[in-house]
Amino acid sequence: MIVGAAPRRTCIACRQKADRGELTRFVIRPDRHPAIVHDVSATLPGRGAWVHPDATCLKKALTAASFARAFRTKVTASDLPRMDTEPKKSG
């Protein structure tokens, strides 16, 4: 790894690696509904799931299987974030 290089993450939808700044982060919050929330600041505690902030990846990621794989736990449809509240860009 190159010193000073940006951290790399894998998009849960397309499975492509990208710099952390190019992706948007979601975390699972069992105390909330929906349980999976967008982590705008990328600082919330817990395991994160990273997604490219474009319509194709967001649509593909908004399945229980994608988030279940990322969070290594069972995810139901009611846990998923709503598409109409998701960001267009990371940040």
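Refer to the structure presented above.
Summarised in this report is the structure supplied together with it.

The rules behind each value
Residues numbered from 1 in each chain as written. Predicted model: local features only at pLDDT ≥ 70, side-chain atom pairs only at ≥ 80, totals over all residues. Heavy atoms only, no water. Buried < 20%, exposed > 50% of the residue type's maximum accessible area, 1.4 Å probe, protein only. Helix = DSSP H or I, 4+ residues; strand = E, 2+ residues; numbered from the N terminus. Pairing = 2+ DSSP bridges. Core = buried A, V, L, I, M, F, W, Y, C linked by side-chain atoms within 4.5 Å. Contact = heavy atoms within 4.5 Å. Salt bridge = Lys/Arg side-chain N within 4 Å of Asp/Glu carboxyl O.

Turning next to the pairing of strand S3 (residues 24-28). In terms of burial, S3 is largely enclosed, as four of its five residues are buried. The sheet contact formed by S3 and strand S5 (residues 48-51) spans four bridges and is antiparallel. Bridged to Thr-24 within S5 is Val-51. Pairing between S3 and strand S4 (residues 36-39): four bridges, direction antiparallel. Each residue of the ladder has a partner; that of Ile-28, found in S4, is Ile-36.

What follows is about the nonpolar core. Counting 20 residues, the largest nonpolar core has Cys-11, Ile-12, Phe-26, Ile-36, Ala-49, Val-51 and Phe-67 as its most contacted members. When residues of this core are traced back to their parent elements, those giving at least two are S5, helix H1 (55-61) and helix H2 (64-71). What Cys-11 contacts, discounting residues up to four positions off in sequence, is Gln-16, Leu-23, Trp-50, Val-51, His-52 and Cys-57.

Moving on, we come to the pattern of salt bridges. Scanning the entire structure with this criterion turns up three salt bridges. Residue Arg-25 pairs with Asp-39 through a salt bridge whose shortest N-O separation is 2.4 Å. Note that Arg-25 is positioned in strand S3 and Asp-39 in strand S4, a separation of 14 residues in sequence. Owing to a relative accessible area of 9%, Arg-25 belongs among the buried residues under this scheme. In this structure, Asp-31 engages Arg-29 in a salt bridge whose closest nitrogen and oxygen atoms are separated by 3.8 Å. Look at Asp-31 and you get exposed, because its relative accessible area is 60%. What makes Arg-29 buried here is its relative accessible area of 18%.

With that settled, consider the side chain of Arg-29. Looking at the element boundaries, Arg-29 is found in the loop between S3 and S4. Each residue touching Arg-29, except ones within four places of it in the same chain, is listed here: Ala-35, Val-37 and Leu-44.

Honestly, it's all geometry; don't read function into it.
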